[in-house]
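Coordinate inspection notes
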Amino acid sequence: MERVNNLSIFFISSNPNEYKIEISIFLISIVLAYVFMHRWNQRNVKGPKSWPIIGVLIELLMNYHRLHDWVTDYCVESKTFKVPLPFTTVTCIAEPANVEHVLKTNFHNYPKGEAFHTNMEELLGDGIFNSDGEIWKQQRKTSSFEFASGNLRNFSTTVFRDCALILSGILHQTSIVNKEIDMQELLLRMTLDSICKVGFGVEIGTLSNELPDNRFANAFDYASSNVAYRFANPLWGLKRFFNVGSEALFAKSIQVIDEFTYNLIHKRKAEFKGAKSTDNNGNMVKHDILSRFIELSENPENNLTDKSLRDVIINYVLAGRDTTASTLSWFIYMIAVNPTVLEKIYKELITFEETQAKEMIGCNPEKVPKSFTERVTQFASRLNFDSLGTLSYLHATITETLRLYPPIPLDPKVVLEDDILPDGIKVRAGGLVSYVPYAMGRMVYNWGPDATIFNPDRWLNKEGLFQSESPFKFTAFQAGPRTCLGKDSAYLQMKMTLAILCRFFNFHLSPNHPVKYKVMTTLTMEHGLKFTINARKS
């Protein structure tokens, strides 16, 4: 008792300022000790080391400009690792068995989730890439039916060929004056024109010699970049609430996007109710995807409003424009820095052309083309779904590009219930699991010691024919129930375009042009892709 009294007298008699300093030092010591123990306990943890409360947010923001390579660096250390953030934890997976578990085996436990939907809602709405449950099932069922249609494939082939010919004409004129061009911009214009024609039955004409400015395309690019950044910025909700900074610009972009899409819907509906082309049975001929959804919207039970149709459009633009243009851009870049690959493609195309010409002799002799344009047009006329399927090396080169430069570099899913991944890692309900195609394509444990080397031959068997890999290892088109419905269509457009370009042009990357990705929904090049072009003389 005497000891306690003495201690009390000490504190009472001490200088108040000294007392406050001592208390402050004591509290700071506790905090520092806690931080030290927190970091000490992570000394054997695979993945980025976190701080209390904020997790790895600081490291993430410092590396955001190289996000996919930052993730790749940690994937080298561990096939599965956790990224703690202020309000959630992301478990990154690069192990095919884990990917299969998430995308197929326990599919229903890993939906897009409410947080993903909220982040993307203003752009993608309730479209197929941003929905779960019955809404997703209905859209996928309708889309699946359309993609399986022979009419859509034939229509797509014609549209893709026409757009590729327009692009080749622009490149030819560019080669004559030896003008530098941005291939990524041209490819984005081409894929936008083609998806609007195939998906919605309208011509918007962004790909032309004048290269008219397109407000919709610019707005879509900004909106895609902004929603991607939201996943790394926990304060975006405040900026959105006060409508300031990047979120204010985002809101203006959405206005432009909505104006474009609703005008498109109203125009297509008017055409749908007006003059209708019919087949021999009197049924309306509908080649584009939007028409199918408009037809469904006429049935009140389907609950398809103009807003629903708007979401369909935006999701198909993301799928048909950005992803395809991204792959085409990285393909052109890779053959430019790997000229031996381009020469192999060229030889395959020459052999293809000679074979096609021989088949025409005696049944329907062709006129010998004289001009460059006639040569290109005649060659393009021989390209269709079946004939393009014989170009194994071209197909392999596209696939190798997708392995190293997947259009969707990472894809997060929410965890509904606690689960254990095949490698024993526990994931908690409410957290996120993200498989990372960009990193997976660079892992030695997935692809062998030459994983980072661009080598299309890895996709060919001894007979020189293309051989596929497990979709849980090669994840560019996702896998399981959400496997990309547009895979065949994407390959069709890419092979159509690249067969023409590689047959008739050489590409020279502009000196000192920086080639790096921009962190957004798709793997787009931040500074474009500047080239000079030479037309082949034979």
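Going by the structure above, here's the rest.
A brief structural summary. (Residues numbered from 1 in each chain as written. Predicted model: local features only at pLDDT ≥ 70, side-chain atom pairs only at ≥ 80, totals over all residues. Heavy atoms only, no water.)

All right, on to the packing of helix α9 (residues 183-200) against helix α21 (residues 487-504) then. Where α9 meets α21, the closest approach of the two axes is 12 Å, and the angle between their N-to-C directions is 135 degrees. One finds that α9 runs oblique with respect to α21. Two packed elements cross with a definite hand, and for α9 against α21 that hand is right-handed. Packed against α9, whose contacting residues are Met183, Met190, Thr191 and Ser194, the element α21 presents Gln493, Thr497 and Leu501 at the interface. Its residues assigned to classes, the contact of α9 with α21 comprises 3 nonpolar, 4 polar and no charged. (Axes fitted to C-alpha atoms, helices over the stretch in contact; angles between N-to-C directions. Helix = DSSP H or I, 4+ residues; strand = E, 2+ residues; numbered from the N terminus. Parallel < 35°, antiparallel > 145°, perpendicular 65-115°, else oblique. Left-handed = near helix turned anticlockwise from the far one by under 90°. Contact = heavy atoms within 4.5 Å. Nonpolar A, V, L, I, M, F, W, Y, C, P; charged D, E, K, R; others polar.)

A word on the pairing of strand β1 (residues 80-84). With 5 bridges connecting them, β1 and strand β2 (residues 89-93) associate as antiparallel partners. Residue phenylalanine 81 lies in a different strand from β2, and its bridge partner there is cysteine 92. Where β1 folds back on β2, the antiparallel hairpin that results is connected by 4 residues. (Pairing = 2+ DSSP bridges.)

Turning to the packing of aromatic side chains, a few remarks are in order. Per the counting criterion, the structure on display carries 20 aromatic pairs. Taking 5.5 Å as the distance between ring centres and 80 degrees as the angle between the ring planes, the aromatic pair formed by phenylalanine 379 and phenylalanine 504 counts as edge-to-face. In this pair, phenylalanine 379 sits in helix α16 (residues 372-381) while phenylalanine 504 sits in helix α21, placing the two residues 125 residues apart along the sequence. The same class applies to phenylalanine 379 and to phenylalanine 504, which are both buried. Look at tyrosine 438 and tyrosine 517: their rings are 5.7 Å apart centre to centre, the planes differ by 75 degrees, and that puts the pair in the edge-to-face class. Of the two residues, tyrosine 438 is situated in helix α19 (residues 437-440) and tyrosine 517 in strand β9 (residues 517-518); the sequence distance between them amounts to 79 residues. Of the two residues, tyrosine 438 and tyrosine 517, both sit in the buried class. The positively charged end of arginine 153 is found above the aromatic ring belonging to phenylalanine 385, 3.8 Å away from the centroid. One cation-aromatic arrangement involves arginine 503 over phenylalanine 504; the distance from NZ or CZ to the ring centre is 4.5 Å. (Phe/Tyr/Trp six-rings, centres within 6.5 Å; stacked < 30°, edge-to-face > 60°. Buried < 20%, exposed > 50% of the residue type's maximum accessible area, 1.4 Å probe, protein only. Lys NZ or Arg CZ within 6 Å of the ring centre and 35° of its normal.)

This brings us to the pairing of strand β7 (residues 432-435). Residues Leu432 and Ser434 point to one face of β7 and Val433 and Tyr435 to the other, with burial holding for every one of them. Pairing between β2 and β7: 4 bridges, direction parallel. Bridged to isoleucine 93 within β7 is tyrosine 435. Sheet topology note: the strand β4 (residues 411-414)/β7 ladder contains 4 bridges and is antiparallel. Paired with proline 412 across the bridge in β7 is serine 434.

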